[in-house]
Amino acid sequence: MAQLYSSVKPTPMLKDELDIVIPTIRNLDFLEMWRPIFEDYHLIIVQDGDPSKDIKIPEGFDYELYNRDDINRILGPKASCISFKDSACRCFGYMVSKKKYIYTIDDDCFVAKDPSGKEINALEQHIKNLLSPSTPHFFNTLYDPFRDGADFVRGYPFSMREGAITAVSHGLWLNIPDYDAPTQLVKPLERNSRKFDLSLRYVDAVMTIPKGTLFPMCGMNLAFDRELIGPAMYFGLMGDGQPIGRYDDMWAGWCVKVICDHMGWGVKTGLPYIWHSKASNPFVNLKKEYNGIFWQEEAIPFFQTVTLPKECTSVQQCYLELAKLVKEKLGKVDPYFIKLAAGMVTWIEAWEELNSPEGTEAKAKAPKGKND
């Protein structure tokens, strides 16, 4: 009887409440390594680039596959807010999801191992991060007090120990760091891996980013509460036809953090790690980032000082207010920001339309790709 019990596979956490969103231009062979972790969850695959190209997905996964033709068909003229030839297209998956939570990962990311050699279940750790409170209003020097083996330290206000709702869980990477092009060029061989560096930088910690502090969000290993913060997870206008790239996730992160601070929600960073396998070309990256390297010196102070009015009581209201301020303040930096602000408004309109009762019915008609 004991043997029979031990052979029963435990039900994965949030199995019916979480979608995994993957942007891609290639066959998804990488899913084989993730099969033990992902096979019980629903995948939303957003195919970038040529919509006539067939993307091969391993057998046994439950998924929806959307390409550019699908995006144009579903959103109509509002499809202009979804980037093309850039991983920013992933945010379309956030919009069409019907689940409470989202985990998004890049197709060059694999299962990592902790220093003991044990494989890391990144999805499980993200879920634990999201389901436990955050501490954005007072920093705990033992990091996340809600993890096993930790607690609030002496001097932490008892009135704040209930914490705040967690909206975002931002994971990290082993092997290839998430560097910008100039840093890639001066540190071409730097890796966070014992194969290359005996001082493996694996930090066994989760921490809440304090209120009022921005951070550079990376979209390759990210989870969030879609019902809570989803309307703000817009990855902007990047890639084809735009004067900037590789700032999609960071733009979303700045917007999300300002709104979470306003709403009193928390953003966690740290565990889990994934293995980032492929270094992108720094010269190609520099071309994409060139304008952003200058513009971020204006954009970051804008987000550091922006204040949302107390009348903004929903994420959508906050985001539309941000769009107005982006146009007003950053539009003076470059006309691109006027176009981006318009894209932000269109994104909210499309989100509202697709997540209305009528839109929910339309989403139920899944495109090609259910693979059981």
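Residues numbered from 1 in each chain as written. Predicted model: local features only at pLDDT ≥ 70, side-chain atom pairs only at ≥ 80, totals over all residues. Heavy atoms only, no water.

### A short note on the overall build of the protein chain
Inclusion rule: A helix here means a DSSP run of H or I that spans at least four residues, while a strand means a run of E at least two residues long, and both kinds are numbered starting from the N terminus. The size measure is the radius of gyration over C-alpha atoms, and the globule rule it meets is 2.2 Å times the number of residues to the 0.38 power. Burial classes: relative accessible area under 20% of the type maximum marks a residue as buried, over 50% as exposed, and values in between as partly exposed (1.4 Å probe, protein chains only).
In terms of helices and strands, the protein chain carries twelve helices and nine strands. For 372 residues, the compact-globule estimate of 2.2 N^0.38 gives 21 Å, and the protein chain sits close to it at 20 Å. Considered along the principal axes of its C-alpha atoms, the protein chain spans approximately 65 × 55 × 50 Å. Looking at the protein chain as a whole, 53% of its 372 residues qualify as buried.

### Here's the deal with the nonpolar core
Soluble, globular proteins show a tendency: their nonpolar side chains are buried together. Which entries qualify depends on this criterion: What we call a nonpolar core is a set of buried Ala, Val, Leu, Ile, Met, Phe, Trp, Tyr and Cys residues that are connected through their side-chain atoms within 4.5 Å. Contact between two residues is taken to exist if any of their heavy atoms lie within 4.5 Å; hydrogens are not considered.
If you look at the biggest cluster of nonpolar residues, it comprises 70 residues, and the most contacted ones within it are Ile-229, Trp-251, Tyr-319, Met-344 and Trp-347. Sequence-distant contacts of Met-344, defined by excluding residues within four places in its chain, comprise Tyr-234, Trp-251, Cys-255, Tyr-319, Leu-322, Ala-323 and Val-326. Leu-43, Ile-45, Cys-109 and Tyr-273 belong to the second-largest nonpolar core, a separate cluster that totals 40 residues.

### Some details on the confidence of the model for the protein chain
Note the following rule: As a per-residue measure, pLDDT tells how confident the predictor is, with possible values from 0 to 100.
Per-residue confidence for the protein chain gives a mean pLDDT of 93; residues scoring 70 or more make up 92%. Between residues 1-6, whose pLDDT stays under 50, and residues either more than four places distant or in other chains, the model counts zero contacts.

### A word on the pattern of salt bridges
Here is the rule: Whenever Lys or Arg places a side-chain nitrogen within 4 Å of a carboxyl oxygen from Asp or Glu, that contact is recorded as a salt bridge.
Summed over the entire model, instances satisfying the criterion amount to 17 salt bridges. Put simply, Lys-100 and Asp-225 hold a salt bridge, and the shortest N to O gap is 3.0 Å. With Lys-100 in the loop between helix H4 (91-96) and strand S4 (101-105) and Asp-225 in strand S8 (residues 221-225), the pair connects residues that are 125 residues apart, well separated along the chain. Taking relative accessible area as the criterion, Asp-225 reaches 5% and is therefore assigned buried. Residue Asp-204 is joined to Arg-147 by a salt bridge in which the shortest nitrogen-to-oxygen separation is 3.1 Å.

### Section: the packing of aromatic side chains
The following threshold applies: Under the pairing criterion, centres of Phe, Tyr and Trp rings, with the six-membered ring standing for Trp, must be within 6.5 Å; the plane angle then separates stacked pairs below 30 degrees from edge-to-face pairs above 60, leaving the rest tilted. Our definition puts a charge over a ring when NZ of Lys or CZ of Arg is within 6 Å of the ring centre and also within 35 degrees of the ring normal.
One pass over the structure, following the stated rule, counts 22 aromatic pairs. Their ring planes at 65 degrees and their centres at 5.4 Å tell us that Trp-295 and Phe-337 sit as a pair that is edge-to-face. Here Trp-295, found in helix H9 (residues 282-305), pairs with Phe-337, found in helix H11 (residues 336-354); they are 42 residues apart in sequence, far enough to count as distant. Assessed through its relative accessible area of 4%, Phe-337 is described here as buried. The ring of Phe-158 carries the charged tip of Arg-161 above its face, separated from the ring centre by 3.9 Å.

### A closer look at the pairing of strand S3 (residues 62-66)
Looking down a regular strand, the side chains alternate between one sheet face and the other. Heads up, the condition is: Strands are labelled as partners when DSSP assigns at least two bridges between them.
Most of S3 is tucked away, with four of its five residues classed as buried. Sheet analysis places strand S2 (residues 42-47) next to S3, joined by five bridges and oriented parallel. The partner of Ile-44 across the bridge, within S3, is Glu-64.

### Considering the side chain of Arg-90
To keep it simple, the criterion reads: The definition of a polar contact used here is a pair of N or O atoms within 3.5 Å, where within protein one atom must be able to donate a hydrogen and the other to accept one, and adjacent residues in sequence count solely through side-chain atom pairs.
Mapped onto the fold, Arg-90 is located in the loop between helix H3 (68-75) and H4. Only 2.9 Å separates the side chain of Arg-90 from the backbone oxygen of Gly-219, close enough to count as a polar contact. Ignoring anything within four residues of it in the chain, the contact list for Arg-90 reads Val-21, Pro-23, Val-46, Thr-104, Ile-105, Asp-106, Gly-219 and Phe-235.

### What about the pairing of S2?
The test is simple: Crossover handedness is defined here as right-handed if the route from the first strand over the helix to the second strand goes clockwise, with the strands pointing away from the viewer.
Counting buried residues along S2, six of its six residues qualify, which places the element largely inside the surrounding structure. Sheet topology note: the strand S1 (residues 18-24)/S2 ladder contains six bridges and is parallel. Residue Asp-19 lies in a different strand from S2, and its bridge partner there is His-42. Between the parallel pair S1 and S2, the chain is carried across by helix H2 (residues 31-38), and the sense of this crossover is right-handed.

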